[in-house]
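# A closer look at the structure
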Amino acid sequence: MKRTIISKVLFCTFIIFVFFAVHTTSQGQDSSGNDIQKEGLKIGVVKNSSLVKVEVKGKAEVLNLKDLYSSLGINKLDRTYRSIVSLEQMKVQGNTANIDGEALLSVISGKDGIIILIADANDPKNFTYTALKQKIVRKGETKDLYHSQEDGIQRPDLVTISNSGIAWVSYGENGLYDLNYVPLVTPKHITTTFEGSKSTEEWDIKVQDGNISVVDGSKVLLKATVYNGFSDAADNITSLVKWGGKQRNVNDFTFNIVEDTRSMAGNDVLLEFSENELAKLCNPSSKTASWESVEIVKPLNDVIRDKSLYIPHVVIARNGIGVVEVPTEGDVVRYYHLGNKPFDPNEKDNPKIFKPAYSINTFGTLFGYIEVSDADAKTQQLALFSPTYKFGIKVELNFNVKRDFSVFTTSNHLSLKEGDGNVRAMLGINNLQMN
């Protein structure tokens, strides 16, 4: 990756896309330009207009995407705009429409950007959409791409709908590329930046079981893993000291480990972890099977779980990272695992001092760190987690993190910097509004 100072926050961005989707059964589609035919499900752009014709369950409608100018800077869709489509169970709220149930999900891409359209399957006139102004990467030379289906490639853009989400590749800054991904289960739009190659003719996007990669033939250009709804599944542990009746508040609630034990304690909270429970949380050393004196516990912003309010605390241990969520009322505490061994630049020179490379933003909504692979110590990942959004992502780095590297979070971005301040990678979160 180029050693350049990134002057704009969009160098490597990762955006939260606010549409609530519950995924059922969609057919995976490739990004090679070959549309998969679905019975009774069609969509097409009406050229040189802002109109899109959709057909679902025998009902055909012409939809007017009249607000395209505010997002893409255009009033009409030209012949470069091509679409792919899937049928999903959706729950989405836009400015002008609410959809709750079976819906048509379409991605329409062209030279000015990308459009994500969601229409009620039983009433296609009830629809919502959003658009992103981006330069989408295409396979091959532009002059050879936009023929009719009989003469050439019908859908040349690197865009796909898989059985887990929407993915596409766009041009980034400084000669880099962005992989964009919108999972179908939770409300996010993810992008991360990577180095490419001169020709895009053999590029493809692979999405399977939360793993996303961009490949150039047999060469992997980018490898990432997303954790969708990661905090939904948690183990419970009950406090040995009963709640005193006063609501806990993150500003005055003190919670930490009890050294040389497997206990954690706070105001009217005492947790005693078994050896297996502690292993589930943060992979402690098998030699101790208890807390060391160096473990770090930091509070995050309050989150809602099943209509109850919790205060998440990230637990950073030598061999793993987890989260313990303490309820503002009551005695039942949730806990779950986040990741494996965090990168500690001091580990070799001064192993007694534990200073892992991590960062939490001032709002307590984002937690980021560098993770060392448990399978290969030479493999490192930049990881970002947000209990608020029930979301996490890990991107495999194509360079080695050194002692003077640091991670830093702002309100909606995580950056990985070298000692001289050069940004090597960045992830971010921004809200998008459905029209």
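Quantities reported herein were computed from a predicted structural model and do not represent experimental measurements.

### A few points about the overall build of the protein
The secondary structure content of the protein amounts to two helices and 33 strands. Buried positions account for 54% of the 435 residues belonging to the protein. If you sum the accessible surface of the protein, you get close to 19600 Å²; carbon and sulfur atoms cover 46% of it.

### Observations regarding the pattern of salt bridges
For the structure on display, the rule yields 15 salt bridges. Salt bridges sharing common partners tie together Asp78, Lys111 and Asp112.

### Describing the pairing of strand β30 (residues 406-409)
Only one face of β30 is buried, namely the one carrying Val407 and Thr409, since none of Ser406 and Phe408 on the opposite face is buried. Relative to strand β31 (residues 413-417), β30 is paired through four bridges, and the arrangement is antiparallel. Paired with Thr409 across the two strands is Leu414, which belongs to β31. Between the end of β30 and the start of β31, which pair antiparallel, lie three residues.

### Here's the deal with the nonpolar core
Here is a general trend for soluble globular proteins: nonpolar side chains tend to be buried in one another's company. Ranked by size, the top nonpolar core spans 38 residues in total, and within it Val169, Phe194, Trp203, Leu382 and Leu416 carry the most contacts. When residues in this core are grouped by element, the largest group, four residues, is from strand β16 (residues 219-228). Once residues lying within four places of it in the same chain are set aside, the contact partners of Trp203 are Val137, Lys139, Leu158, Val169, Tyr177, Phe194, Gly196, Ser197, Val214, Val215, Asp216 and Leu221. Within the second largest apolar cluster, 23 residues are counted, among which are Leu65, Leu68, Ile108 and Ile115.

### So, the sheet that holds strand β11 (residues 165-171)
Taken in spatial order, the four strands make up an open sheet running β10-β11-β12-β13, and their pairing is antiparallel. Looking along the sheet, the strands with just one partner apiece sit at the ends: β10 (159-161) and β13 (190-194). On average, each strand axis in the sheet is tilted by 15 degrees relative to the strand beside it, whichever way the strands run.

### Section: unusual backbone geometry
Residues other than glycine seldom take positive phi values, yet Asp209 does so here, at roughly 50 degrees. Along the polypeptide, Asp209 turns up in the loop between β14 (203-208) and β15 (211-216). Notably, Asp268 is not glycine yet its phi reads approximately 50 degrees, a positive angle. Of note, Asp268 is situated in the loop between β19 (263-266) and β20 (269-272). Since its relative accessible area comes to 24%, Asp268 is described here as partly exposed.

### Considering the pairing of strand β24 (residues 321-327)
Of all seven residues making up β24, seven are buried, and the element is well covered by its neighbours. Count of turn residues in the strand β23 (residues 308-316)/β24 antiparallel hairpin: four residues. The sheet contact formed by β24 and strand β25 (residues 332-339) spans five bridges and is antiparallel. By the bridge assignment, Val323 is partnered in β25 with Tyr336.

### Concerning the packing of aromatic side chains
Per the stated rule, a full pass over the model turns up 15 aromatic pairs. On the numbers, 5.8 Å between centres and 20 degrees between planes, the contact of Phe253 with Phe255 is stacked. In this structure, Phe253 and Phe255 share a single accessibility class: buried. With 6.1 Å between their ring centres and 45 degrees between their planes, Tyr358 and Phe367 make a pair best called tilted. Following the ring pairs from residue to residue traces out a cluster consisting of Tyr227, Phe230, Tyr336, Tyr358, Phe367, Tyr369 and Phe385. The residue whose ring lies beneath Lys135 is Tyr171, and the NZ or CZ to ring-centre distance is 4.9 Å. Seen from the ring of Phe399, Arg424 lies directly overhead, with NZ or CZ sitting 4.1 Å from the centre.

### Overview of the environment of Leu158
By the element assignment, Leu158 lies in the loop between β9 (127-132) and β10. For Leu158, a relative accessible area of 0% corresponds to the buried category. A C-alpha to C-alpha distance of 7.8 Å links Leu158 and Trp203, two positions 45 residues apart in sequence.

### Examining the sheet that holds strand β32 (residues 423-428)
With antiparallel pairing, three strands are arranged side by side in an open sheet as β30-β31-β32. The sheet is open, and its two borders are formed by β30 and β32, each paired with just one other strand. Averaged over all neighbouring strand pairs, the angle between strand axes comes to 15 degrees, with direction disregarded. Looking at chain direction, β31 and β32 are connected through five bridges and run antiparallel. Bridge pairing in β32 places Leu416 opposite Ala425.

Procedures and definitions
Residues numbered from 1 in each chain as written. Predicted model: local features only at pLDDT ≥ 70, side-chain atom pairs only at ≥ 80, totals over all residues. Heavy atoms only, no water. Helix = DSSP H or I, 4+ residues; strand = E, 2+ residues; numbered from the N terminus. Buried < 20%, exposed > 50% of the residue type's maximum accessible area, 1.4 Å probe, protein only. Areas by Shrake-Rupley, 256 points an atom, 1.4 Å probe, with all protein chains shown as cover. Salt bridge = Lys/Arg side-chain N within 4 Å of Asp/Glu carboxyl O. Pairing = 2+ DSSP bridges. Core = buried A, V, L, I, M, F, W, Y, C linked by side-chain atoms within 4.5 Å. Contact = heavy atoms within 4.5 Å. Axes fitted to C-alpha atoms, helices over the stretch in contact; angles between N-to-C directions. Phe/Tyr/Trp six-rings, centres within 6.5 Å; stacked < 30°, edge-to-face > 60°. Lys NZ or Arg CZ within 6 Å of the ring centre and 35° of its normal.

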